[in-house]
Every structure is written in structure tokens, then in C-alpha cells.
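# Results of the structural survey
Here is what each chain is made of, one letter per residue.
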Amino acid sequence: MLLGSALLLGGCQTELYSALPEQDANEMIALLMQRNIAADKIMAKDGTDTIMVDKSHFAEAVTTLHDAGFPRKTFESMGDVFKSGGLVASPMQERARFLYALGQELSGTISQIDGVLSARVAVVLPENDILDRNPTPSAASVFVRYDSASNVDHLVPQIKMLVTNSVQGLTYDKVSVVLVPALRPALPPVRAASYGSLLGIVMAALFGAAGVAGLGTAGFVFRERLRPLIEMSRRMVRREPNMADAAPVEVLAGPAH
């Protein structure tokens, strides 16, 4: 049964995203399942995951995940940026790496706020002369793309305070925050499982079982286990013309008394 089903389903699935952390992959699959989009997860040798979906649902899956901010951007930490290497960096290179790492750290922190889909932080630390009486102040810019249904726009003071306290010499008034709401397009209604599709699944399983039909006892046990599902689908198909407006739960409950 498993071999037959894999052969039937494997040909109609395509890769959606790869090299995903396990947590992101699980959250993405959960979101797709909420939209009735079937998805599978395959683990690679390096520990990352690949998400597979049906080809007919590929566009809807991409749109659904994009609107929810997936896949999430991976930010580098200070340790990642300042890995020990064989070459000695110049002071200018070290400064550029420090500013980049600082922006990555702050961007990753802000991205963890509920409702934030993506965030970028740019920090400017001018090279002032210690004898200069009017030094150029530090500054920072924050870009936040957020879910329009959330209350992220009320968190601007907290975001500015977070950045201010993370950068030496930066003042609250020198932090600018740009919020951009993500307007989600209207998606088609969630598809409900129909009786015909259920029958199609049963028939697909039957064809997949053809490969094990000659296995003697194993084939007999498989057919016996499948018999209740076949009978249920037949009852649904016979009742479908008279149950056009009924909910699937009512049909599965059995004939009314």
C-alpha cells in the first residue's frame, strides 16, 4: 500500500522550499494545513528540511506563506560575522563588519516581535574626532513590514528604545522607524473535502494495492482493512445528490433516523 501510494503521489508533488530550519518548516506546514494545502517534509543530510506540495497548489502555497512572512530571513550574529580567519582585517573593514553585525542582531530581535513579518536595521556611527566640539551624532533607521491585522504600529516607542539602548552614543530622537503594513490579497475560500475526492483517494489506494495483490496473505489482509473505507465512500456517493447543502460532518455521522 505504501509503495503504491508513494508512486501515485510522488509524481504530482514539487519542491516548495528547501534548506529550512526545522522550526520554520513545521510552522510553514502547519500554516498550509490550515488552508487545506497538503504538504510533506523531507529532512536532508545536513539537518535542514525541504517542503513538498502538490503541483496544483504550488501558487496558492507560495502566496499563503509569503503573506505570513515565510520563509523567514536568517540573520547573522556577532559570532558569525567575526569568525576567526587567517587574514588580518583593516580598521575600516573591522568597522564595517561591526556595523553590519549590529544591524543583523537588531533586525533579528525585532523580527521576533509578534506580527512583524520582516525587519531591517541600519546603524550609522560617524568617525568623530575626539577633539571635535560638535561631533556628528549617531543615527539608526528601522524598517518594519508587519501584519496589518496586528498592533505592531503601537510598539514604535518600544522599538526605538530597544535600538537606542543597543547602540553606544545613540539618542532616542535619532532613531527613525518606518512601518509598512502588508496588505494581504483575498485568497479563495478554504476548500472542503468533497465526496468525489474521497472516492478518488480510495480508488488511488486500490490501484496502489494492485502491486501487492499477488502477495497472498498480505494482499488479503490489506483488502479486508480497506473494505470499511470503500463501503463508506460508496454510501457517500449514493447520498451525495440528496445532501448537496449538508455539512460533511452530518454525512459522516451516518443515515438519519
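Now for a description of the structure that goes with this document. These numbers were taken from a predicted model, which means no experiment stands behind them.

## Here's the deal with the environment of Glu27
Tracing the backbone shows Glu27 in helix α2 (residues 22-34). A C-alpha to C-alpha distance of 9.9 Å links Glu27 and Leu65, two positions 38 residues apart in sequence.

## Some words on the pattern of salt bridges
Within the structure shown, the criterion is met by 2 salt bridges. Between Glu94 and Arg97 there is a salt bridge, with its nearest N and O atoms 3.5 Å apart. Of the two residues, Glu94 and Arg97 are both situated in helix α5 (residues 91-111); the distance of 3 residues between them amounts to about one turn of the helix. Among the residues examined, Arg97 registers a relative accessible area of 26% and is labelled partly exposed. Notably, a salt bridge pairs Glu127 with Arg95, separated by 3.6 Å at the nearest N-O pair. Of this pair, Glu127 sits in the loop between β4 (116-124) and β5 (139-147) while Arg95 sits in helix α5; the two residues are 32 residues apart in sequence, bridging distant segments of the chain.

## Concerning the nonpolar core
Formed by 18 residues in total, the largest nonpolar core has its most connected members in Leu106, Ile110, Val123, Val142, Val144, Val163 and Val167. At the level of elements, α5, β4, β5 and α6 (156-164) are the ones that each hand at least two residues to this core. Once you skip the residues sitting within four places of it in the chain, Ile110 turns out to touch Val116, Ala119, Val121, Val142, Val144, Ile159, Leu162 and Val163. Judged by nonpolar contacts, the second largest core, of 14 residues, contains Ala25, Leu31, Ile37 and Val53.

## Considering α5
The terminal C-alpha atoms of α5, which comprises 21 residues, lie 30 Å apart, in line with the 30 Å expected from a rise of 1.5 Å per residue. Considered for burial, the residues of α5 that qualify are Ala101, Leu102, Gly103, Gln104, Leu106, Ser107, Gly108, Ile110 and Ser111.

## Remarks on the sheet that holds strand β3 (residues 49-54)
Within the open sheet, the 3 strands sit side by side as β1-β3-β2. Their pairing is antiparallel. Looking along the sheet, the strands with just one partner apiece sit at the ends: β1 (13-20) and β2 (39-43). Across the sheet, the mean angle separating the axes of adjacent strands is 25° when strand polarity is ignored. Across 5 bridges, the pairing between β1 and β3 is antiparallel. Bridge assignment links Glu15 to a residue of β3, and that residue is Met52.

## Quick notes on the sheet that holds β5
The sheet built from 3 strands is open, its strands ordered β4-β5-β6 with mixed pairing. With one partner strand each, in any of the chains shown, β4 and β6 (175-182) form the two edges of the open sheet. Strand-to-strand twist across the sheet, computed as the mean angle between neighbouring axes with direction ignored, equals 10°. Across 8 bridges, the pairing between β4 and β5 is antiparallel. Within the sheet, the bridge partner assigned to Ala122 lies in β5 and is Ser141. Across the sheet, α6 lies against β5 and β6, angled at about 135° from β6, the strand it touches most.

## Some thoughts on the environment of Val121
Position of Val121 among the secondary structure elements: in strand β4. A residue is classified by how much of its surface remains accessible, and Val121, at 10% relative accessible area, is buried. Those residues in contact with Val121 that lie beyond four places of it in its chain are Gly103, Leu106, Ser107, Ile110, Ser141 and Val142.

## Examining the packing of α5 against α6
Taken N-terminus to C-terminus, the directions of α5 and α6 make an angle of 150°; their axes are 11 Å apart at the nearest point. Taken as axis vectors, α5 and α6 run roughly antiparallel relative to one another. Both α5 and α6 take part in a crossing whose hand is right-handed. Across the interface between the two elements, Leu106, Thr109 and Ile110 of α5 pack against Ile159, Leu162 and Val163 of α6.

## Focus on α2
Spanning 13 residues, α2 covers 19 Å between terminal C-alpha atoms, matching the ideal 18 Å at 1.5 Å per step. Taken as a whole, α2 has its buried residues at Asp24, Ala25, Met28, Ile29, Leu31 and Leu32. Projected down its long axis, α2 carries its buried residues within an arc of 160°, all on one side. Opposite its buried face, α2 presents the exposed residues Gln23, Met33 and Gln34, each directed more than 90 degrees away. On its buried face, α2 sits against β1, β2, β3 and α3 (58-67). Two residues or fewer after α2 comes Asn36, characterised by a positive phi angle close to 60°.

What counts, and at which threshold
Residues numbered from 1 in each chain as written. Predicted model: local features only at pLDDT ≥ 70, side-chain atom pairs only at ≥ 80, totals over all residues. Heavy atoms only, no water. Helix = DSSP H or I, 4+ residues; strand = E, 2+ residues; numbered from the N terminus. Salt bridge = Lys/Arg side-chain N within 4 Å of Asp/Glu carboxyl O. Buried < 20%, exposed > 50% of the residue type's maximum accessible area, 1.4 Å probe, protein only. Core = buried A, V, L, I, M, F, W, Y, C linked by side-chain atoms within 4.5 Å. Contact = heavy atoms within 4.5 Å. Expected span 1.5 Å × (residues − 1). Pairing = 2+ DSSP bridges. Axes fitted to C-alpha atoms, helices over the stretch in contact; angles between N-to-C directions. Parallel < 35°, antiparallel > 145°, perpendicular 65-115°, else oblique. Left-handed = near helix turned anticlockwise from the far one by under 90°. Arc of directions from axis to C-beta.

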